[in-house]
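Structural overview for review
Chain by chain, the residues run as shown.
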Amino acid sequence: MTQAIHKKAISGVLSLEAYTPGMPIEELQRKLGVAEAVKLSSNENPLGMSPIARKAVADAIMGTDLARYPDGSGFRLKKKLAEMHKIAADCITLGNGSNDIIELLGRVYLGPGRKAMFSAHAFAVYSIIAQSQDAEMIVVPARPMTDAMPLGHDLNAFAAKLAPDVSLIFIANPNNPTGTWLEPGEIEAFLNKVPADVIVALDEAYYEYMDPKLSGNSRALLDKFPNLVVFRTFSKAYGLAGLRAGYALSSPEMADLLNRVRQPFNNNSLALLAAEVAIEDQAHVAKSVELNTREVARLSKELKALGLTVLPTQANFIAIGFGRDAKPVHQGLLERGVIVRPVASYEMPEFLRVSIGTERENDRFLDALKDILKA
Ligand SMILES: *Cc1c(COP(=O)(O)O)cnc(C)c1O
């Protein structure tokens, strides 16, 4: 039904579907009356945030400073990030989560008559931003299921679709919801084919979880390619998803453009503080990554033993293929108090995406799944 209020809305917005987040625990408990539900649907860190960051946030809440606006320049956090990445502070853009960075990129580089390029089965926020800016989208087919990296990005196919009206290319490494990744050399080879005025946005939300032999060195690529922007987040390995903090590294010229459309206080004071302190607690990150690596290996093995398809992953989740509509499995898991993520909206109706939890949470998932499959 078209109402008057729709008439002058951006046409891309009218055809947009809102992002469906993972179901909150309370919602499941309310709907199905399940007690002690386990949430493995939003790729959060099951160990939570660094205890040192938690204490800093608690102390800040008890102080008086929350009546003040945050530091809109994010001076202290940028200083920490600059040290960590050996980069100038004016190459850093802070975001209210890295989704905010994706939005800033869209506002600077996309609009009617421009094109955004990304892979099939890529993170949903790329298409949401492109569509909301009335930009066209080039969705590059993913690698086939028979490939060594099934459903992964095919950068040769990206290169074949380059055209003068493409302004922004999104690459997720690893990608969500597939978990697939690109070999370090593949990204550089692709950048060598991209014209200097086409922006390549490399989403490294799960960077910390990657095997260091596979994660590449995007920081070094930034020095070589001024059209590259790399973004990371504190939502995943750092466990700060509820606070919202992410950042981009780029040339100072690109950071300047992103900064022009950024809301002056896009990062709240607690997020800035928690991120700043969390960087210092690399032991917590290492512990989180270690748990993840161990549990990815264990779960993958168990799932394969059940005859299921398991996509290769370098992230904190596994995409599991059931060879049939995954909806009934999803429903069965919900009824057993386990929330996972259906990915039919990613054109993967036969898959479910399961975030890696603690050993106990993963056992809950496995037990529930075995129960469903034996029925
Ligand atoms: C989780 C995720 C992000 C980060 O989201 P935040 O806004 O930082 O919480 C970015 N990209 C991908 C691919 C993700 O899965």
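Residues numbered from 1 in each chain as written. Predicted model: local features only at pLDDT ≥ 70, side-chain atom pairs only at ≥ 80, totals over all residues. Heavy atoms only, no water.

Per an unreviewed UniProt entry, the chain carries the name Histidinol-phosphate aminotransferase and comes from Stenotrophobium rhamnosiphilum. If you open the UniProt record of the chain and go to Catalytic activity (unreviewed entry), you find "L-histidinol phosphate + 2-oxoglutarate = 3-(imidazol-4-yl)-2-oxopropyl phosphate + L-glutamate". In its Sequence similarities (unreviewed entry) section, the UniProt entry covering the chain states "Belongs to the class-II pyridoxal-phosphate-dependent aminotransferase family. Histidinol-phosphate aminotransferase subfamily." (UniProt positions renumbered as here; feature names shortened; annotations may be inferred.)

Some points on the site of the ligand
With respect to spatial proximity, the complete set of residues near the ligand consists of G97, S98, N99, F123, N176, D203, A205, Y206, T233, S235, K236 and R244. At 2.5 Å from an oxygen atom of the ligand is found a side-chain nitrogen or oxygen belonging to S235. Its residues assigned to classes, the shell around the ligand comprises 3 nonpolar, 6 polar and 3 charged. (Near = heavy atom within 4 Å. Polar contact = N/O pair within 3.5 Å; in protein donor to acceptor, adjacent residues only side chain to side chain. Nonpolar A, V, L, I, M, F, W, Y, C, P; charged D, E, K, R; others polar.)

A few points about the UniProt feature "domain: Aminotransferase class I/classII large" (unreviewed entry) in the chain
Mapped onto this structure's residue numbering, the UniProt feature "domain: Aminotransferase class I/classII large" (unreviewed entry) falls at residues 37-369. Taken end to end, residues 37-369 comprises 39% helix and 16% strand; its first and last C-alpha atoms sit 14 Å apart. (Helix = DSSP H or I, 4+ residues; strand = E, 2+ residues; numbered from the N terminus.)

A few points about helix 9 (residues 184-191)
Listed as buried for helix 9 are I187, F190 and L191. Looking straight down helix 9, one finds its buried side chains confined to an arc of 100 degrees; they lie on one side. Buried-residue contacts for helix 9 involve helix 8 (155-160), strand 5 (166-172), strand 6 (199-203), helix 10 (218-224) and strand 7 (228-233). (Buried < 20%, exposed > 50% of the residue type's maximum accessible area, 1.4 Å probe, protein only. Arc of directions from axis to C-beta. Contact = heavy atoms within 4.5 Å.)

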